[in-house]
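Spelled out from the first residue to the last, the chains are:
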Amino acid sequence: MYSETVMDHFNNPRNQREIPDADGIGEVGNQKCGDIMRIFLKIHDNVIEDASFQTFGCGAAVASSSMATEMIKGKTLEEAWEISNKAVAEALEGLPPQKLHCSVLAEEAIHAAINNYLEKMGLEPWEEGEGSCAGCSGCGTD
Amino acid sequence: MENKHEIYLDNAATTRTHPDVVSAMLPYFSLHFGNPSSLYSIARSSRTAIEEARRKVAAALGADEREIFFTSGGTESDNWAIRGIASAHGKKGRHIITTAIEHHAVLHTVEALEKEGFEITYLPVDEYGMVSPESVEEAIRPDTILISVMLANNEIGTIQPVQKIGEIARSHKIIFHSDAVQAIGQIPVDVRTMNVDLLSISAHKFGGPKGVGALFIRRGLRIDPLLYGGAQEQRRRAGTENVPGIVGLGAAIERAAAMMSEKAERMKKLRKRLIDGLLTIPKSRLNGHPTERLPNNVNIIFDYIEGESILLLLDANGIAASTGSACTSASLDPSHVLLACGLPHEQAHGSLRLTLGEETTEADIDYVLGVVPTVVQRLRDMSPLTPKELRTR
Amino acid sequence: MENKHEIYLDNAATTRTHPDVVSAMLPYFSLHFGNPSSLYSIARSSRTAIEEARRKVAAALGADEREIFFTSGGTESDNWAIRGIASAHGKKGRHIITTAIEHHAVLHTVEALEKEGFEITYLPVDEYGMVSPESVEEAIRPDTILISVMLANNEIGTIQPVQKIGEIARSHKIIFHSDAVQAIGQIPVDVRTMNVDLLSISAHKFGGPKGVGALFIRRGLRIDPLLYGGAQEQRRRAGTENVPGIVGLGAAIERAAAMMSEKAERMKKLRKRLIDGLLTIPKSRLNGHPTERLPNNVNIIFDYIEGESILLLLDANGIAASTGSACTSASLDPSHVLLACGLPHEQAHGSLRLTLGEETTEADIDYVLGVVPTVVQRLRDMSPLTPKELRTR
Ligand SMILES: Cc1ncc(COP(=O)(O)O)c(C=O)c1O
Ligand SMILES: Cc1ncc(COP(=O)(O)O)c(C=O)c1O
Ligand code: FES
Ligand code: FES
């Protein structure tokens, strides 16, 4: 059901640790599917120097966090903000439809971590664009 | 890509069709292939084979042959029992009593009836997943037409006090259905002592083939068909009979009944070894009832970690297990059974179900006991929920 | 007690499961036995096998894979198509159009809906069992939600003008179902050119196993489930998948499609030889359409004699045949199909159906042509209806 890339990131997660002196920490969760994702960022001069995660969740959630942290390292905050769940899912060579929202969780966690950093710096948090949950089967179903 | 070290501990999802059962089925594909409804002699073998299988199923359930109706599996049996009674007795009343922990084949069927104007009472369960007969009695109303309570739960293995519930149903003259899909071959099932009017079974849960099951319907009970068409099965269930499948069901239930008590003893020993070993992991708990449970069922929660990721890591180690029921593993919903037992959402996602089978050995159990702690630790190290003292890094 | 001289001419009732099909199924009983819904790798083979079978069925019907849903047979497919549409679209209208010559799986389902307040129009047929597209158009009302017309009849083999009926249904935006159970492997079936929204098939009619079938559901069509429960089949048809059966369906339909045109040519030659030979018997007539008929179907009335007694005498001579459809041979009703074609009651009891199969040889036909006249004469000599000039004593 999962691609080889998903399984690789699940079995050998990248950046799976805590950054004790993180500049931004984002935690998002979805009670319904019982997943919680926490992203840590080390930021210097608007650039993400280091990123890591902790995840309580399914295979897709773990792989999405692993891939997402890889993708944002070295990016500016603006570039990282623009990384969509679609891009994460594509980098993972696809996710099963009912697991797409696990990558949404990664996108949301990155946004939360960036906003946490902005708030710490006394800046306005950035606004979420179109609800990422749209098109995800995760929230709606019973 | 099948693993060299393969330990199958998901016998509640499905079982290997036993090779003896397959041998019994084989002649009915290409040799005795006649349509059992046909008149000519080459169809006689199919007809005889079906009736022989019906006798075997009846014998295993303590029923009369004329009370056994073959279906395409547990799901059809459950759907038929509930919808057939709702349709035949809907004029008398529109209230149905069931429990919060039934299989989806029951729950989604009564939900569909709810949309058609039926009222459903979902009985709660205690922390062990047990329904109290008193709660059944209290839920009964003048317009109650059906009570449906499963004999044993597929996720946590809890065995319900079905005999008492049956007595209550009988004393109120209410029709009583029980989903016994998980119980066959594991615990004794007798439709008379259970006081049931309808009972569902499915062959692939006890060494038979997938796609065939049966519904016991007490003689004289009025029920509408679910499948309309030809005159098969005493005109109650249409469709050309799945002759090889029915033969397989007969062979499997006969086999399962013969070896049941010996097997149950062996399962209980292995189960104890497995549960005792797993509970040495800190922050782990057994779901379901400690004693009133299926001999082959183990269901454990490990705090702070999620079910699917345990499964994937176990699979990488050659262990096939499950979280919740297989039928819902494609969906993301937490287990409705664990929620009903009072577990919070995160935990209702996190249980590990290991269901033993006749091929399970002590060595298998020991191997599993070697693998699980490592897997649990690895996931706990990854989880944001794990407290410091349980982390290795 | 199977006869040494065995000629099976009842392929419309059921066919021998082809040994190649059985071989394809075998690994899925005891080796790749995993529950397709499970996550672990040993279940992957079951899952892959099902999807492979789905591709084969889709290819044979000119459909998309996501439009194929596996069922327990033709009866379930028919019941699901009709009841699922009635339930999902019943608010829009409660009128259904079908024909007088449908299989009981359709007729008894709409009769059950009639009791629930639906109105059914049963279209008549001409003497050849043919429905006219004009009559379909005339029957359409503002509250018509479904038209169900079979592709080919199981008793007399008449092939309906389904493509035209589909165009009419489409132009009125009415859902169109066709029971193609008898057509697969005999005539080309393409869901797009037929303009159908729903199409039923059953594996055992074309060399596959009993107890498995499929329903084609056009993408985007709203339909309620018939079986509620687990999340299988895109949440539309619950129940652990009959993996070996589904694999058998896939193998059989691929085989049937590959050999169809060659087989049909051969069948037509044998059919002509058989019909020509039988019609030399005085007071005999062909039922069904002379040309628009299934290549393997022969259905003949011999005046003055009764169906079951022909069958018994043929059986004594090693010939397996049928009168009407096998599913009703347990019942005593005259054929509703022959009645609809305008035959009087006595005759609607008296037809002989011979349906050829891929194993039928010219020698078989010649043997049958040797036996039938004797059998007919014997029964005519016994019958009080037979006029003097046709008696030998
Ligand atoms: C308790 C229970 N009821 C019903 C079913 C449905 O049986 P089947 O999948 O054979 O239709 C199952 C298993 O899936 C079950 O465990
Ligand atoms: C035209 C037609 N429809 C439906 C069916 C029912 O199929 P099954 O017996 O496989 O359920 C049959 C055969 O019995 C048939 O000939
Ligand atoms: S994040 Fe909920 S299932 Fe993956
Ligand atoms: S749960 Fe919200 S994105 Fe899926």
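Throughout this description, residue numbers start from 1 for each chain and increase along the sequence as written. The order in which chains are written sets their letters, starting at A; the order in which ligands are written sets their numbers, starting at 1. For a predicted model such as this one, the threshold for reporting local features is a pLDDT of at least 70, and the threshold for listing and counting side-chain atom pairs is 80 or more; totals across whole chains, interfaces and linings nevertheless cover every residue. Neither water nor hydrogens contribute to the side-chain values; these are computed over all heavy atoms in the structure.

**Here we look at the overall build of chain B**
Defined as follows: Secondary structure elements are defined from DSSP: runs of H or I of at least 4 residues count as helices, runs of E of at least 2 residues count as strands, and each element is numbered from the N terminus. Only C-alpha atoms enter the radius of gyration; for comparison, a globular chain is expected to reach 2.2 Å times N to the power 0.38, where N is the number of residues. For every residue, the accessible area (1.4 Å probe, protein chains only) is compared with the maximum for its type, and the residue is labelled buried under 20%, exposed over 50%, or partly exposed between those bounds. Contacts are assigned to residue pairs that have any heavy atoms within 4.5 Å of one another. Where accessible areas are quoted, they stem from the Shrake-Rupley method and a 1.4 Å probe; at the residue level, only the protein chains shown are allowed to cover. Charged residues are defined here as Lys and Arg on the positive side and Asp and Glu on the negative side; His and the ends of the chain fall outside this count. To locate a charge, take NZ of a lysine, CZ of an arginine, CG of an aspartate or CD of a glutamate.
The secondary structure content of chain B amounts to 14 helices and twelve strands. For a compact globule of 393 residues, the expected C-alpha radius of gyration is about 21 Å, and chain B comes in at 22 Å, within 12% of that figure. Once the C-alpha set of chain B is aligned to its principal axes, its extents read approximately 75 × 55 × 35 Å. Within chain B, the proportion of its 393 residues that are buried is 67%. Restricting to contacts in chain B with at least 6 residues of sequence separation, those with at least 24 account for 72%. Total accessible area on chain B is roughly 13,300 Å²; 52% of this is exposed by carbon and sulfur atoms. Charged side chains of chain B number 43 positive and 48 negative; the gap between the two group centres comes to 3 Å.

**Remarks on the overall build of chain A**
Along its length, chain A carries six helices and three strands. Along the chain direction, N to C, the helices and strands of chain A fall in the order α-β-β-β-α-α-α-α-α. Within chain A, the proportion of its 142 residues that are buried is 52%. When the accessible area of chain A is evaluated, it comes to approximately 6,200 Å², of which 49% is carbon and sulfur surface.

**Considerations on the interface of chain B and chain C**
Where we set the bar: Two parts placed together each lose some accessible area; with a 1.4 Å probe, that loss summed over both constitutes the buried area. A pairing counts as a salt bridge when a side-chain nitrogen of Lys or Arg comes within 4 Å of a carboxyl oxygen of Asp or Glu. Under the rule applied, a polar contact is a pair of N or O atoms within 3.5 Å (in protein, one hydrogen donor and one hydrogen acceptor; residues adjacent in sequence only if both atoms are side-chain atoms).
Chain B puts 68 residues into the contact, and the matching count from chain C is 69 residues. Counting the surface lost from both chain B and chain C, the interface buries some 5,800 Å², and carbon and sulfur atoms represent 59% of this. Taken together, the links from chain B to chain C amount to zero salt bridges. Applying the counting rule to chain B against chain C returns 20 residue pairs in polar contact (both at pLDDT 80 or more). Broken down by secondary-structure element, the contributors of at least two residues to the side of chain B that touches chain C are helix H1 (19-25), helix H2 (27-30), helix H3 (44-61), helix H4 (74-89), helix H5 (104-115), helix H9 (232-235) and helix H11 (307-316) of chain B. Here the side of chain B that touches chain C gets five residues from one element, more than from any other, and that element is H5(B).

**Regarding the site of ligand 2**
Our working definition: Near is defined per residue: the residue qualifies when any heavy atom it owns lies within 4 Å of the molecule or strand.
Around ligand 2, the surrounding shell holds 15 residues, and the nearest of these are Thr240(B), Thr75(C), Asp179(C), Ser202(C) and Lys205(C). This site is not confined to one chain, since residues near ligand 2 come from chains B and C. Ser202(C) is positioned such that a nitrogen or oxygen atom in its side chain is 2.6 Å from an oxygen atom of ligand 2. Residue Lys205(C) places a side-chain N or O atom 3.0 Å away from an oxygen atom belonging to ligand 2. Expressed as a share of its isolated accessible area of 390 Å², the protein-covered part of ligand 2 is 98%. In terms of residue count, the dominant contributor to the shell around ligand 2 is helix H4 (residues 74-89) of chain C (three residues).

**Quick notes on the site of ligand 1**
Threshold: Only Asp, Glu, Lys and Arg are considered charged in this grouping, and only Ala, Val, Leu, Ile, Met, Phe, Trp, Tyr, Cys and Pro are considered nonpolar; every other residue, Gly among them, is considered polar.
The local shell around ligand 1 holds 15 residues, among which Thr75(B), Asp179(B), Ser202(B), Lys205(B) and Thr240(C) are the closest. Chains contributing residues near ligand 1 are chains B and C. Between Gly74(B) and ligand 1, the recorded distance is 3.4 Å, taken from a backbone N or O atom to an oxygen atom. Contacts to ligand 1 include Asp179(B), whose side-chain N or O atom sits 2.6 Å from a nitrogen atom. Notes on ligand 1: free accessible area 380 Å², of which the protein chains cover 97%. Class assignment for the residues of the shell around ligand 1 results in three nonpolar, nine polar and three charged.

**A look at the pattern of salt bridges**
Going through the model one piece at a time under the given rule, you end up with 51 salt bridges over all chains. Among the salt bridges present, the one from Glu359(B) reaches Arg16(B), with a minimum N-O distance of 3.0 Å. Of this pair, Glu359(B) sits in the loop between strand S12 (351-355) and helix H14 (362-382) while Arg16(B) sits in the loop between strand S1 (7-8) and H1, placing them 343 residues apart in sequence. Its salt-bridge partner being Arg54(B), residue Glu51(B) comes within 2.8 Å of it at the nearest N-O pair. Of this pair, Glu51(B) and Arg54(B) are both found in helix H3, three residues apart, which corresponds to roughly one turn of the helix. Arg54(B) gets classed as buried once you look at its relative accessible area, which sits at 7%. Counted as one network, the salt bridges with shared partners bring together Asp21(A), Asp23(A) and Lys42(A).

**Structural notes on the UniProt feature "binding site: pyridoxal 5'-phosphate" (unreviewed entry) in chain B**
Rules: UniProt positions are given in the numbering used here, feature names are shortened, and annotations may be inferred rather than shown by experiment.
Following the UniProt record, one finds the feature "binding site: pyridoxal 5'-phosphate" (unreviewed entry) at Gly74(B), Thr75(B), Asn154(B), Gln182(B), Ser202(B), Ala203(B), His204(B) and Thr240(B). Spanning 167 residues, the named residues do not form one spatial group; their C-alpha atoms are separated by as much as 30.1 Å. Looking at the element boundaries, Asn154(B) is found in the loop between strand S5 (144-148) and helix H7 (162-171). Here Thr240(B) lies in the loop between H9 and helix H10 (243-278). When residues no more than four places from it in sequence are discounted, the contact partners of Thr240(B) are Asn35(B), Gln232(B), His204(C) and Lys210(C).

**Description of unusual backbone geometry**
Here the phi dihedral of Tyr304(B) falls at roughly 75 degrees; this positive angle occurs in a residue that is not glycine. Note on placement: Tyr304(B) falls in the loop between strand S10 (297-302) and H11. Unusually for a residue other than glycine, Glu233(C) sits at a positive phi of about 50 degrees. Along the chain, Glu233(C) turns up in helix H9 (residues 232-235). By relative accessible area, Glu233(C) is classed as buried at 8%.

**Some words on the interface of chain A and chain B**
Taken together, the contacts link 30 residues of chain A with 22 residues of chain B. Taking both partners together, chain A and chain B bury about 2,200 Å²; carbon and sulfur atoms supply 57% of that area. Of all residues in chain A, Phe10(A), Gln16(A) and Phe56(A) bury the most surface against chain B, accounting for 28% of the area lost on that side. At the junction of chain A with chain B, the criterion picks out one salt bridge. Here chain A and chain B share nine residue pairs in polar contact (both at pLDDT 80 or more) between them. When contributions to the side of chain A that touches chain B are tallied by element, the ones reaching two or more residues are helix H1 (4-11), strand S2 (35-44), strand S3 (47-56) and helix H2 (59-72) of chain A.

**Regarding the relation of the copies chain B and chain C**
Note the threshold: Superposition of the copies used a least-squares fit over C-alpha atoms from residues whose pLDDT is at least 70 in both.
Mapping chain B onto chain C calls for a rotation angle of 180 degrees and an axial translation of 0.0 Å; the resulting RMSD is 0.1 Å. On this basis, the relationship between the two copies can be described by a two-fold rotation axis. Of every C-alpha in chain B, the one belonging to Ser72(B) sits nearest the axis of rotation, 3.0 Å from it. Mapped onto chain C, 100% of the interface residues of chain B again fall at the interface, so both copies present the same surface.

**As for the domain arrangement of chain B**
All names here are of chain B. To be explicit about the condition: In this entry, domain limits derive from an automatic or database-based domain assignment.
Taken domain by domain, chain B holds domain 1 (7-15 + 260-390) and domain 2 (19-255). Broken down residue by residue, the surface that domain 1 buries against domain 2 is led by Met260, Leu294 and His336, which jointly contribute 23%. Our count for the contact surface shared by domain 1 and domain 2 stands at one salt bridge. Residues Arg255 and Glu358 are paired through a salt bridge, measuring 2.9 Å at the closest nitrogen-oxygen approach. Taken together, the links from domain 1 to domain 2 amount to 19 residue pairs in polar contact (both at pLDDT 80 or more). When residues in the side of domain 1 that touches domain 2 are grouped by element, the largest group, four residues, is from helix H12 (residues 336-340). Residue composition of the side of domain 1 that touches domain 2, grouped by class: twelve nonpolar, 14 polar and five charged.

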